[in-house]
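# Observations on the three-dimensional arrangement
Listed below are the residues making up each chain.
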Amino acid sequence: MTHCPCGSGLTDQACCGALLAGAPAPTAEALMRSRYTAYCRGDIDYLLRTMTEEARQDIDPEEARTVSAQARWDGLDVRATEAGGPDDDDGVVEYVARFRLNGQTCLHHERAFFTRVDGQWRVSGGEVNPKAPPRRVASVGRNDPCPCGSRKKIQKVLRRLRIRGVVGRLASPAFLCFRAFSSQ
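Given the structure is predicted, the values throughout are model-derived calculations rather than measurements. (Residues numbered from 1 in each chain as written. Predicted model: local features only at pLDDT ≥ 70, side-chain atom pairs only at ≥ 80, totals over all residues. Heavy atoms only, no water.)

Check the secondary structure of the chain and you find seven helices and four strands. When the helices and strands of the chain are placed in sequence order, the string is α-α-α-α-α-β-β-β-β-α-α. When each of the 184 residues of the chain is scored for burial, the buried share is 37%. In the chain, the share of contacts with a sequence separation of at least 24, taken over all contacts with a separation of at least 6, comes to 39%. As displayed, the chain has an accessible area near 11500 Å², and 49% of this comes from carbon and sulfur atoms. (Helix = DSSP H or I, 4+ residues; strand = E, 2+ residues; numbered from the N terminus. Buried < 20%, exposed > 50% of the residue type's maximum accessible area, 1.4 Å probe, protein only. Contact = heavy atoms within 4.5 Å. Areas by Shrake-Rupley, 256 points an atom, 1.4 Å probe, with all protein chains shown as cover.)

Written out as C-alpha cells, the structure is:
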C-alpha cells in the first residue's frame, strides 16, 4: 500500500485515487489534494475536468504536461481553508506545492477559489503568491499620553521607570506602562 502524494497520510485509493477515478470530491480541500496528485501523475485531463470554463482559459495543457513530467513533486502543504465544506457552494484553499524543476527547488503558493458546478467542486480561479493583509501597528510617540491611562506623557513614564532601573533606554513605549510597574 502506498501513501497518497497529497500528504494526507492515507493510502492512495482511500484518498485521491477514488476522486481521480471519477468519484465526486466531498470538499474543496479534497479536490485540491486530488489535483496535486493529478499533477504528480501527469493526469492533466483530470486537472482540466476539475476547472470551470473560465479558469480553463488560463491554463496551457501542453505546458502543464511538460512541467508535470519534468518536476519531482516533494509535497503539498494546505495552509488554510475557508468554507468549502460538504454543505457549502464556494470555498477557498490556500496551499503551497513543493517541487524540483531543472535542478531548482520551487514553491507554488496559491489561494485557490472553488465553486460547485452541477453539484461538483471545481476550481474557479486563484491568487498566486497571496499577501496577507497589512498589519497596522499603533506607535506611541514620546509626547503622547501613556497607554496605561495615567494621562502622563510617555516620556515622563519612561524617565521614571529608567530612574527606578526597571527599563533600559531602548525599551519600546508600546509595551511599557507605569501602572504595571508601580506595584514593584
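What follows continues from the structure just given.
A few words now on the sheet that holds strand 4 (residues 120-128). Spatial ordering of the open sheet is given by 1-2-3-4, a layout of four strands whose pairing is antiparallel. Every interior strand has two partners, whereas the edge strands, strand 1 (72-83) and strand 4, have only one. When strand polarity is set aside, the average angle formed by the axes of neighbouring strands in this sheet is 30°. Sheet topology note: the strand 2 (residues 90-101)/strand 3 (residues 104-117) ladder contains twelve bridges and is antiparallel. In the strand pairing of strand 3, Gly 91 is matched with Phe 114. (Pairing = 2+ DSSP bridges. Axes fitted to C-alpha atoms, helices over the stretch in contact; angles between N-to-C directions.)

Bringing unusual backbone geometry into the picture now. Within the chain, Ala 83 stands out as a residue other than glycine whose phi angle is a positive 55°. Considering the arrangement of structural elements, one finds Ala 83 in strand 1. Overall, the relative accessible area of 53% leaves Ala 83 in the exposed class. The phi angle at Asn 129 is positive, at roughly 50°, despite the residue not being glycine. As for its placement among the helices and strands, Asn 129 is situated in the loop between strand 4 and helix 6 (154-163).

This brings us to the side chain of Glu 110. Among the secondary structure elements, Glu 110 is positioned in strand 3. One buried charge, Glu 110, has no salt-bridge partner; the nearest side chain with opposite charge is Arg 35, at 7.2 Å. Here Tyr 95 takes part through its side chain, which lies 2.8 Å from a polar atom of the side chain of Glu 110. A distance of 2.6 Å separates polar atoms of two side chains, one belonging to Glu 110 and the other to His 108. Beyond its immediate chain neighbours, meaning those up to four positions away, Glu 110 contacts Val 93, Glu 94, Tyr 95, Gly 125, Gly 126, Glu 127, Val 128 and Pro 130. (Lys, Arg positive; Asp, Glu negative; His and termini not counted. Salt bridge = Lys/Arg side-chain N within 4 Å of Asp/Glu carboxyl O. Polar contact = N/O pair within 3.5 Å; in protein donor to acceptor, adjacent residues only side chain to side chain.)

Attention shifts here to the pairing of strand 4. When strand 3 meets strand 4, the two strands line up antiparallel, connected through eight bridges. Its bridge partner being in strand 4, Ala 112 is matched across the sheet by Gly 126. Hairpin connection from strand 3 to strand 4: two residues lie between these consecutive antiparallel strands, with Asp 118 at a positive phi of about 55°.

In this section: helix 2 (residues 28-41). The terminal C-alpha atoms of helix 2, which comprises 14 residues, lie 20 Å apart, in line with the 20 Å expected from a rise of 1.5 Å per residue. Along helix 2, ten of the 14 residues are buried, which leaves the element largely enclosed by surrounding structure. Taken together, the buried positions of helix 2 are occupied by Ala 28, Ala 30, Leu 31, Met 32, Arg 33, Ser 34, Arg 35, Tyr 36, Thr 37 and Ala 38. One or two steps after helix 2, the chain reaches Gly 42, where phi turns positive at roughly 80°. (Expected span 1.5 Å × (residues − 1).)

Aromatic ring pairs are defined here through the distance separating the ring centres and the angle between the ring planes. This structure, assessed with the given rule, holds three aromatic pairs. Relative to Trp 73, the ring of Tyr 39 lies with its centre 5.5 Å away and its plane at 40°, an arrangement referred to as tilted. Highlighted residues: Tyr 39 in helix 2 and Trp 73 in strand 1, separated in sequence by 34 residues. Assessed through its relative accessible area of 22%, Tyr 39 is described here as partly exposed. A residue is classified by how much of its surface remains accessible, and Trp 73, at 17% relative accessible area, is buried. (Phe/Tyr/Trp six-rings, centres within 6.5 Å; stacked < 30°, edge-to-face > 60°.)

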